[in-house]
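The chain contents come next:
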Amino acid sequence: MSNDCVFCDKAKLGDRLISENNGWYVAATLGQITDGGYVLVIPKEHIACMGALNREQTNAMLKTTKETCRALSLEYQHSHSATPYPVTVFEHGIVGQTIKHAHLHLLPTVIDLTAKIRSDFPEAEIEELQYAAHLQELYSKRQEPYLFWTVPNGKSMVCWKPSAPPQYLRLIVAELLGRPERGNWRNMDAGLDSGLCDDTVARLKPYFQGGGR
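Below you will find a few notes about this structure. (Residues numbered from 1 in each chain as written. Predicted model: local features only at pLDDT ≥ 70, side-chain atom pairs only at ≥ 80, totals over all residues. Heavy atoms only, no water.)

### Considerations on the pairing of strand E8 (residues 156-160)
Of all the 5 residues making up E8, 5 are buried; the element is thus mostly covered by neighbouring parts of the structure. What you see with E8 is no split at all: Ser156, Val158 and Trp160 on one side and Met157 and Cys159 on the other are buried throughout. Pairing analysis gives 5 bridges linking strand E6 (residues 125-129) to E8, with the strands arranged antiparallel. When the sheet's bridge partners are listed, isoleucine 126 is paired in E8 with cysteine 159. Where strand E7 (residues 146-150) hands over to E8, the hairpin turn is made up of 5 residues, of which glycine 154 adopts a positive phi near 95°. (Buried < 20%, exposed > 50% of the residue type's maximum accessible area, 1.4 Å probe, protein only. Helix = DSSP H or I, 4+ residues; strand = E, 2+ residues; numbered from the N terminus. Pairing = 2+ DSSP bridges.)

Spelled out as structure tokens, the structure:
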């Protein structure tokens, strides 16, 4: 636990908290790029990035993420398809973080970030992950900053050692969705964002409290 980390203090999540279990929080994020439904999956333990999770933590993260993707799919996309979920997931693996605590971003939209990332970092190594815990296995050997994201076919990608600026993946998601003004969470209209966060919490909480609507 870090005394100055906002994700280490449950109280600082406040009304944005949607669900929690033994090791994880699910919370509406500040800076709703989509019209609600943009959430974070956050470990309670102070961990630098998802790549640094051990096997037990990885399994717990995957379970929590799957439950969250299901809730987003049902509530925002009205989809009952098991795989792939119509949800985009991404992470700034140390590089590009504004909060130095692991957190996955989940948005109820399908978008492919690969071409943009390849264009922005032509010298960086990009590879497709082959199975659920592949990122953690690779990171344990490489110990390098990375960008992680999912693509529409349900696969996951990783870009190693990119020179990405803060909030990079947020910024390109907002640009690709035609909402560049929502890319930087610090600059988003506070009233609009508060309303979207409140709506997100209200719509998603029932899926975690009673198994769905």
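### Some words on the side chain of histidine 92
Among the structural elements, histidine 92 can be located in strand E4 (residues 88-93). Under the relative-accessibility criterion, histidine 92 is labelled buried at 5%. For histidine 92, the side chain forms a polar contact with the main-chain nitrogen of tyrosine 168, separated by 3.3 Å. Residues contacting histidine 92, with those up to four places away along its chain left out, are Gln97, His105, Tyr146, Leu147, Gln167, Tyr168, Leu169 and Arg170. (Polar contact = N/O pair within 3.5 Å; in protein donor to acceptor, adjacent residues only side chain to side chain. Contact = heavy atoms within 4.5 Å.)

### A closer look at unusual backbone geometry
Of note in the backbone geometry, histidine 78 takes a positive phi value of approximately 55° without being a glycine. Checked against the element boundaries, histidine 78 lands in the loop between helix H2 (55-77) and E4. Judged by its relative accessible area of 63%, histidine 78 is exposed. One non-glycine residue, isoleucine 94, adopts positive backbone phi at about 80°. Structurally, isoleucine 94 can be placed in the loop between E4 and strand E5 (104-107).

### Observations concerning the nonpolar core
Judged by nonpolar contacts, the single largest core of 33 residues is most densely connected at Met50, Leu104, Leu106, Tyr146 and Leu204. Taken together, the elements giving at least two residues each to this core come down to strand E2 (24-28), strand E3 (39-43), H2, E5, helix H4 (134-142), E7, E8 and helix H6 (190-209). A per-element tally of this core places H2 first, with 6 residues. In terms of nonpolar packing, the next biggest core, distinct from the first, is built from 22 residues, Leu113, Ala124, Trp149 and Cys159 among them. (Core = buried A, V, L, I, M, F, W, Y, C linked by side-chain atoms within 4.5 Å.)

### A look at the packing of H2 against H6
It is the contact of H2 with H6, at a shortest axis distance of 10 Å, that shows an interaxial angle of 115°. Classified by chirality, the crossing of H6 by H2 is right-handed. From H2, Glu67, Thr68, Arg70, Ala71, Leu72, Leu74, Glu75 and Tyr76 reach across to H6, where they touch Asp199, Thr200, Arg203, Leu204, Tyr207 and Phe208. (Axes fitted to C-alpha atoms, helices over the stretch in contact; angles between N-to-C directions. Left-handed = near helix turned anticlockwise from the far one by under 90°.)

### A look at the environment of isoleucine 47
Along the chain, the position of isoleucine 47 falls in the loop between E3 and H2. The exposure class of isoleucine 47 is buried, given its relative accessible area of 8%. When near neighbours in sequence (up to four residues on either side) are disregarded, isoleucine 47 contacts Ala52, Leu53, Gln57, His101 and Ala102.

### Overview of the sheet that holds E4
Within the open sheet, the 8 strands sit side by side as E1-E2-E3-E5-E4-E7-E8-E6. Their pairing is antiparallel. The sheet is open, and its two edges are formed by strand E1 (17-20) and E6, each paired on a single side. Pairwise comparison of adjacent strand axes, ignoring direction, gives a mean angle of 20° for this sheet. Its contacts with the sheet place H6 against E1, E2 and E3, and it is angled at close to 25° to E1.

### A word on the side chain of arginine 170
As for its position among the elements, arginine 170 is in helix H5 (residues 168-176). One buried charged residue, arginine 170, forms no salt bridge at all, with the nearest opposite charge on aspartate 193 at 6.9 Å. There is a polar contact of 2.9 Å between the side chain of arginine 170 and the backbone oxygen of glycine 31. When residues no more than four places from it in sequence are discounted, the contact partners of arginine 170 are Thr29, Leu30, Gly31, Ile33, Tyr38, Phe90, His92, His105, Arg182, Gly183, Asn184 and Trp185. (Lys, Arg positive; Asp, Glu negative; His and termini not counted. Salt bridge = Lys/Arg side-chain N within 4 Å of Asp/Glu carboxyl O.)

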